[in-house]
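Fold and contact review
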Amino acid sequence: FILYLIVYKMSKINDIREQILSDNNNAQSSFESFLDELDSNHVTELRFDFPLHGDMDFSILDIHRFNKVETVIFEREGDITHLRNLPETITYLEITKQLITEIDNLPTNLETLIVNDNYITKFDASTVPKLKKLIISNNELVEMVNLPETMETIECDNNQLRRLDLANTPLLKTLKCSNNPILVL
């Protein structure tokens, strides 16, 4: 029954995502306008304090020579559907209250990932060997695998996890995983 509810909910979310992509996909143009106002030589942090809608391709940072960006934060609730081509320089990524269903191709230098209140169903940390802090609460997470040895904090409350393998996380200091069905650690 729980699986049916997840499938139904994800189907509705995918319909909303498709509608945004066809009717209101302005995230990339807003991103480009935002970058036009900044000095690429000094920017180490991108902080979006306005809602964005649709897909975002970060390869534009290379084109405009923003090669020092280490932090990306989305402060406002929005309708971002996917992030592409995040630069390897990023060590901190915070994207909460969006329409993200998968988080993949993350920068290998990423140390902190905060993706609360999205619709992520699976997370594979094999591409982020330096990850120390993962906050992935309030998603639809059914699988979280390949957590690196560097993990110090994991918050995965309010998901659909049934199993969580922590054998490879000797540095783990904080674990919050309440409200997951029959979770086995």
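Just so you know, these numbers come straight off a predicted model, no measurement behind them.

The subject of this paragraph is the side chain of Thr96. You can see Thr96 is positioned in the loop between strand E5 (92-95) and strand E6 (112-114). With sequence-adjacent residues up to four places away left out, Thr96 is seen in contact with Phe74, Arg76, Ile114, Val115, Asn116, Asp117 and Asn118.

Here the focus is the pairing of strand E1 (residues 45-48). Residues Leu46 and Phe48 point to one face of E1 and are all buried, whereas Glu45 and Arg47, pointing to the other face, are not buried. Direction of pairing for E1 relative to strand E3 (residues 71-74): parallel, over a ladder of four bridges. If you follow Glu45 over to E3, its bridge partner there is Thr71.

Let's shift gears to the pattern of salt bridges. The final tally for this structure, using the stated rule, is four salt bridges. For the salt bridge of Arg84 with Asp55, the shortest nitrogen-to-oxygen distance reads 2.8 Å. In this pair, Arg84 is assigned in strand E4 (residues 79-84) and Asp55 in strand E2 (residues 53-57), connecting sequence segments 29 residues apart. When its relative accessible area of 37% is taken as the criterion, Arg84 is described as partly exposed. Among the salt bridges present, the one from Lys176 reaches Glu155, with a minimum N-O distance of 4.0 Å. Of this pair, Lys176 sits in strand E11 (residues 174-176) while Glu155 sits in strand E10 (residues 153-155), placing them 21 residues apart in sequence. Residue Glu155 is classed as buried on the basis of its relative accessible area of 18%. When salt bridges that share partners are traced, they join Glu45, Arg47 and Glu75 into one network.

Rules and cut-offs
Residues numbered from 1 in each chain as written. Predicted model: local features only at pLDDT ≥ 70, side-chain atom pairs only at ≥ 80, totals over all residues. Heavy atoms only, no water. Helix = DSSP H or I, 4+ residues; strand = E, 2+ residues; numbered from the N terminus. Contact = heavy atoms within 4.5 Å. Buried < 20%, exposed > 50% of the residue type's maximum accessible area, 1.4 Å probe, protein only. Pairing = 2+ DSSP bridges. Salt bridge = Lys/Arg side-chain N within 4 Å of Asp/Glu carboxyl O.

So yeah, pure geometry; function would need other evidence.
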